[in-house]
Amino acid sequence: MIVSAKVFLWFNTAMVLGIAFISTWWDGRLFARLWPERNDKHDEFFGSIMGLCIVVIGLFGIIRHHLSL
Amino acid sequence: MYKYFNPANAITFSRFFTLPAFVHFWREGQPQLALIMVMLCGFLDLFDGMAARKFNCSSGFGEFFDAAADGICYGFMMAYLAYVGALPWLPIVIIVGLGGVNTFGRLMYAKRIGRTTNYRSWAMERVVAFTIYLIGFGITQIQPEFYSWACAAVMGFILIHDLKRMLVDPVPA
């Protein structure tokens, strides 16, 4: 083991939160930018919605994990 | 045949070398090193596209090979973690099966277009990222049951959307 299990868990938690933050920023901006042309750029727009859904799922899971510890 | 030997495809192919290392570290009881192999596999994925642009060797085959390498690498890692009991097997079987249907849809799309090409799905790219995290959650045992079922549900939903785009909607000119 490189680090202890506790450090590893918090490293993973920080990673999920960091990725969730970046993804929210990225897909949130994409969503806002593409909203006026959502029909023409349907695939990109749909991808941004799915990206935001995955962020919500990711955050829900990590919160659930810490509450159940 | 030799036209496929280029730096971008070499980087894509190099991702397969992370698989035996991943299994080795898991079997040795080193999950953190196994996780580093997952991250390395994802990290290399960032560079094949860059190499294709830098060395001007982009091709339809390269794009398809990249997508296939994603499916093979992450599919194998998930299947292995399900095999050793770190991830629940049923949602993983569903995810791998959906991956197979997705590959079939892409082949049919290429056939419809009439050349080797890859359907770019922005949503499925997010799911690929989700599967990487799922493997990480399996290794670290962070809510593996919840994340596996969530990933299967999201992937199924996106696949229905993508299959309609690939097989039913008019192809772009």
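Data block above holds the structure.
All figures in this text were calculated on a predicted structure; none of them were measured in a lab.

## Structural notes on the overall build of chain B
Along chain B, the regular secondary structure elements total seven helices and zero strands. Its helices and strands in sequence order give chain B the pattern α-α-α-α-α-α-α, from N to C terminus. A globule of 173 residues ought to have a C-alpha radius of gyration of about 16 Å, and chain B, at 17 Å, matches this closely. Dimensions along the principal axes, computed over C-alpha positions, put chain B at roughly 50 × 35 × 20 Å.

## Considering helix α1 (residues 7-14) of chain B
All names here are of chain B. Here α1 has its buried residues at Ala8, Asn9 and Thr12. On an axial view of α1, the arc spanned by its buried residues comes to 95 degrees, and they lie on one face. Structurally, α1 contributes buried residues whose contacts are with α3 (31-54) and α4 (60-83). Among the residues of α1, the N-terminal cap falls to asparagine 6, whose side-chain oxygen and the backbone nitrogen of alanine 8 are separated by 3.2 Å.

## Focus on the environment of B:Ile11
All names here are of chain B. As for its placement among the helices and strands, isoleucine 11 is situated in helix α1. Residue class for isoleucine 11 comes out partly exposed when judged on its relative accessible area of 23%. Through-space distance from the C-alpha of isoleucine 11 to that of glycine 49 is 9.3 Å; in sequence the pair is 38 residues apart.

## Here's the deal with the interface of chain B and chain A
The interface is formed by 27 residues belonging to chain B together with 30 residues belonging to chain A. In this assembly, chain B and chain A are joined by two salt bridges. Note that A:Asp27 and B:Arg126 form a salt bridge whose closest N and O atoms lie 2.3 Å from each other. On the surface where chain B and chain A come into contact, there are 10 residue pairs in polar contact (both at pLDDT 80 or more). Residue assignment for the side of chain B that touches chain A shows that the elements contributing at least two residues are α3, α6 (122-140) and α7 (144-168) of chain B. For the side of chain B that touches chain A, the residue count by class is 19 nonpolar, six polar and two charged.

## A word on the side chain of A:Asp43
With respect to the secondary-structure elements, A:Asp43 resides in helix α2 (residues 42-68). On the basis of relative accessibility, which here comes to 17%, the residue A:Asp43 falls in the buried class. Apart from residues lying up to four places away in sequence, A:Asp43 is in contact with B:Tyr119, B:Trp122, B:His161 and B:Arg165.

Basis of the calculations
Residues numbered from 1 in each chain as written. Chains lettered and ligands numbered in written order. Predicted model: local features only at pLDDT ≥ 70, side-chain atom pairs only at ≥ 80, totals over all residues. Heavy atoms only, no water. Helix = DSSP H or I, 4+ residues; strand = E, 2+ residues; numbered from the N terminus. Rg over C-alpha atoms; globule rule 2.2 N^0.38 Å. Buried < 20%, exposed > 50% of the residue type's maximum accessible area, 1.4 Å probe, protein only. Arc of directions from axis to C-beta. Contact = heavy atoms within 4.5 Å. Polar contact = N/O pair within 3.5 Å; in protein donor to acceptor, adjacent residues only side chain to side chain. Salt bridge = Lys/Arg side-chain N within 4 Å of Asp/Glu carboxyl O. Nonpolar A, V, L, I, M, F, W, Y, C, P; charged D, E, K, R; others polar.

Keep in mind these values describe shape, not function.
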